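Summary of the model geometry
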Amino acid sequence: MVALAGVNNRYCHYHPVETARWLCPDCQMFYCPNCIPDADSRRHRGACPRCGKNLRYLGDAAEAPPFWARIPAFFRYPLSTDPLLVIVLCTLVPLLVQRNLVGGLVTLALTAALLKYNFAVLARTAEGTFTAPPLAMAFRGGFVIVILQLLLFAIIGLSTFAAGYVGGKVLAFLVLAFCVLALPAAIMVLAMEQRLPAAINPLVLMTLITRIGWPYFVLYGHLVLLSLAAGAAQDFALRHFPDYVGHPVAGFLNSYFTVIFFNMLGYVLYQYQEALGYVADAEENPTPGPADRPSAQRREADIDMALKDGDYDRVQRLLLENLKQQPRDGAQIERLYLLLKARNDHAELYRQQQRLLPWLIKGHDGGKLADYLNRLVQTEPDLRLNDPVVAFQCAQLLYHAGEYRWVLRLLRDFHKRFPDYQDTASAYLLVARTLANGLHQWDKAEAFLRFIEKRCRQHPLQAQIGHYLAQVAHHERLEPPTRSK
């Protein structure tokens, strides 16, 4: 764990309902993970999107559920493979050894290993790693923490005796009551600091309790209930089972509840790390490092922040960078279109027509297409689309939207502008239908049909021209011939 002082719970500047996990000391800006997708929370590394300087990591415990909502997880914790093996080895093996000096030393060593493993559980959980420590943690390394814990209990006993000797039973009772109430805090301080003076300092203990606040007393109540449950379960096992069954079961239950006890203390440290001056991040929901995050996600976060800052030039630049990477991304094209439209940037709308027209055609919204074309003519009054396929597809969409003037404009002199286009007959049939059905200009509609009849003899529509000419002659809507059943 890394010390961090003087930071209170804050919310993201750009996402006010999200708890901040990063702070820029220079800009004094708080950011949530959505704003810093390329940061590495494991190494506590991230760069400020404003100034580029290193961010300070605040941890992610603010998003953690309260410890009382994780009671089932605490009870499952000792049943995973490693803690279960530790419990079995350290509580059941001593029952099998002979009652002599060697057996006593084995029992003492295994008891110390179990206590050491419990502190490893506490420290690992406090760092945001919710998987149990490996079995080797019970036997590897020094046992200083075990000695410190035993000394802590000894000091509690001596303090109570001294208080009784100096001030009588009342003072002894008050000292013992404080020691019992502060014992969870003392164990947490001992695990964090690895120093006995801090764990027995009343001011340090009271500071920890007050920083956690009323949840500490909720925790204390849960620990009391755990102790009572453990005692009742052990008593039941000893009373109702034979000794060769009752003692192993009672030992197993004692160790099982002790692991839960230390796991719960560790989680409280993790949950209230910021108030206590520490930061950690959860293994269950790690933030991937820069190698796992494509640059597009960094740009997405920058776009979001730039929009909220009102920096639309930067938004536009970032969107265009995204489209260089993913030119067919409809969502990005739509965002670009909406931004340019909101800014009334008709010149850029004109420059982006090769992107926007295919997207608008794909959207099948003739009204939106007509609005876009109306914006283009403000930059280029003599607008002409240079792609015959795009021009014809736009005209089809506009015909169904009732934008007849635009149909005629897009398909004007179509055969002259695109002499090599193979489907001019279909384009001019659309013109004829527009003139007849939309504008009721029957003579002009007939002229286009005659053009198809004369100039497009090899086109499949040639067989339907007589049908359309008959409809024009009777001033009927030009509709394709119905297929006979």
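Keep in mind it's a predicted model, so treat the numbers as computed, not measured.

Procedures and definitions
Numbering of residues starts from 1 in each chain and follows the order in which that chain's sequence is written. Local features in this predicted model are restricted to residues of pLDDT 70 or higher, and side-chain atom pairs are both shown and tallied only at a pLDDT of 80 or more, whereas totals for entire chains, interfaces and linings draw on every residue. Side-chain numbers come from the whole structure's heavy atoms, not from hydrogens or water. The way it works is that DSSP assigns letters per residue, a run of H or I at least four long becomes a helix, a run of E at least two long becomes a strand, and they are numbered from the N terminus. Values of the radius of gyration come from C-alpha atoms, whereas the globule rule sets the reference at 2.2 Å times the count of residues to the power 0.38. A contact between two residues is defined here by any heavy atoms of the two lying within 4.5 Å. For every accessible area listed, the method is Shrake-Rupley and the probe measures 1.4 Å; residues are considered covered only by the protein chains on display. His is not counted here, nor are the chain ends, while Lys and Arg score as positive and Asp and Glu score as negative. All charge positions are set by atom: Lys at NZ, Arg at CZ, Asp at CG, Glu at CD. pLDDT is defined as a per-residue confidence score from the predictor, taking values between 0 and 100. Patches in this entry comprise residues that are over 30% relatively accessible and not in a salt bridge; like charges within 9 Å are linked, as are nonpolar side chains (Val, Leu, Ile, Met, Phe, Trp, Tyr) within 5 Å. The rule for a salt bridge is simple: a side-chain nitrogen of Lys or Arg has to be within 4 Å of a carboxyl oxygen of Asp or Glu. Centre distance within 6.5 Å is the pairing criterion for rings of Phe, Tyr and Trp, where only the six-membered ring of Trp is used; planes under 30 degrees apart are then read as stacked, over 60 as edge-to-face, and the remainder as tilted. For each residue, the accessible area found with a 1.4 Å probe, counting protein chains only, is set against the maximum for its type, and the residue is called buried under 20%, exposed over 50%, and partly exposed in between. Two conditions define a charge located above a ring, namely a distance within 6 Å from the ring centre to NZ of Lys or CZ of Arg, and an angle within 35 degrees of the ring normal. Detection works on a 1 Å grid of protein atoms alone, calling trapped sets that fit a 1.4 Å probe cavities and calling open sets with protein on both sides within 12 Å along at least five of seven lines pockets, with lining residues defined by an atom within 4 Å of a point. Grid points are joined across faces, edges and corners, and a volume is the space filled by probe spheres set on the points. Only Asp, Glu, Lys and Arg are considered charged, only Ala, Val, Leu, Ile, Met, Phe, Trp, Tyr, Cys and Pro nonpolar, and every remaining residue, Gly among them, polar.

**As for the overall build of the chain**
Check the secondary structure of the chain and you find 21 helices and 5 strands. In summary, the chain has a C-alpha radius of gyration of 39 Å against a globular reference of 23 Å for 485 residues, an excess of more than 25%. On the principal axes, the C-alpha backbone points of the chain span a range of 120 × 60 × 35 Å. Restricting to contacts in the chain with at least 6 residues of sequence separation, those with at least 24 account for 62%. Carbon and sulfur atoms make up 57% of the accessible area of the chain, which amounts to about 25500 Å² in all. Here the chain carries 49 positive and 41 negative side-chain charges, and the mean point of each set is 1 Å from the other.

**Description of the confidence of the model for the chain**
A residue-level look at the chain finds 91% of positions with pLDDT of 70 or above and a mean pLDDT of 83. Summarising per-element confidence for the chain, the mean pLDDT is lowest in strand β1 (residues 2–3) (37) and highest in helix α16 (residues 388–400) (94). pLDDT under 50 marks residues 1–8. Its contacts with residues more than four places away, or in other chains, come to 21 contacts. This stretch, residues 284–294, has a pLDDT under 50; its non-local contacts, to residues over four places away or in other chains, come to 19 contacts.

**Details of a nonpolar patch on the surface**
Residues F161, Y165, V166, V170, L171, F173 and L174 make up a contiguous nonpolar surface patch of roughly 870 Å² in combined accessible area. Among the secondary structure elements, F173 is positioned in helix α4 (residues 144–193).

**As for the packing of aromatic side chains**
This structure, assessed with the given rule, holds 21 aromatic pairs. Where F130 meets Y270, the ring centres are 5.2 Å apart and the plane angle is 80°; that geometry is what we call edge-to-face. With F130 in the loop between α3 (101–126) and α4 and Y270 in helix α8 (residues 243–271), this pair connects stretches of sequence that are 140 residues apart. Accessibility classification places F130 together with Y270 in one group, the buried group. Through a chain of ring-to-ring contacts, the aromatic side chains of F74, F130, Y267 and Y270 assemble into a single cluster. Above the face of the F74 ring, R70 is positioned so that its terminal group lies 5.8 Å from the ring centre.

**Considerations on the environment of Y117**
Within the secondary structure layout, Y117 lies in helix α3. Note: C-alpha distance between Y117 and F262 (145 residues apart in sequence) is 9.6 Å. With sequence-adjacent residues up to four places away left out, Y117 is seen in contact with D82, P83, V86, A132, P133, P134, M137 and A138.

**So, the layout of surface pockets**
For the largest pocket, the calculated volume is near 720 Å³. When contributions to the lining of the largest pocket are tallied by element, the ones reaching two or more residues are α2 (81–92), α3, α4, α7 (214–240) and α8. Of the residues forming the lining of the largest pocket, the biggest block, 9 residues, is contributed by α4. A class-by-class count of the residues in the lining of the largest pocket yields 22 nonpolar, 11 polar and no charged.

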